[in-house]
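Residues per chain, in single letters:
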Amino acid sequence: MFRLIKDLIFAWRYKRAVKKAVELSKLYGMKFYVICLNGKIKIVPKRAIRDLVARRRFRKGVTVQDIEKRALFVTH
């Protein structure tokens with residue numbers, strides 16, 4: 001029962017994040033990722049991911065393509 005509630009909450013947050021990412025993508029004309037960071041769903045623009053990878057905020061060897069593969073949702 002507890003797992004079901006957690007899954008429902010995750011699904012609701014995911015759906016809301018995808019909707020917001022699509023809106024932001026249309027508004028700014030940029031690619032946005034919906035990713036899970038530290039157990040929370042975040043909406044991050046591709047430009048910010050590129051900057052973080054360049055500043056070595058992720059493990060050594062991680063590329064933008066790796067993050068895009070693991071993203072829950074990617075806008076176009």
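Residues numbered from 1 in each chain as written. Predicted model: local features only at pLDDT ≥ 70, side-chain atom pairs only at ≥ 80, totals over all residues. Heavy atoms only, no water.

Chemist: Can you explain the pairing of strand S2 (residues 40–45)? Please cite residues and give values.
Modeler: Where strand S1 (residues 32–37) meets S2, six bridges bridge the pair, whose relative direction is antiparallel. Within S2, the residue paired with Val34 across the bridge is Ile43. Here S1 folds back onto S2, and the loop between the two strands holds two residues, one of which, Asn38, carries a positive phi near 55°. (Pairing = 2+ DSSP bridges. Helix = DSSP H or I, 4+ residues; strand = E, 2+ residues; numbered from the N terminus.)

Chemist: Account for the nonpolar core, with residues named and values stated.
Modeler: With ten residues, the main nonpolar core is built from Tyr33, Ile35, Val44, Ile49, Val53, Val62, Val64, Ile67, Ala71 and Val74. At the level of secondary structure, the elements contributing two or more residues to this core comprise S1, helix H2 (46–54) and helix H3 (64–70). With residues near it in sequence (within four places) discarded, Ile35 still touches Lys40, Ile41, Lys42, Val44, Ile49, Ala71 and Leu72. Within the second largest apolar cluster, five residues are counted, among which are Ala17, Val18, Ala21 and Val34. (Core = buried A, V, L, I, M, F, W, Y, C linked by side-chain atoms within 4.5 Å. Buried < 20%, exposed > 50% of the residue type's maximum accessible area, 1.4 Å probe, protein only. Contact = heavy atoms within 4.5 Å.)

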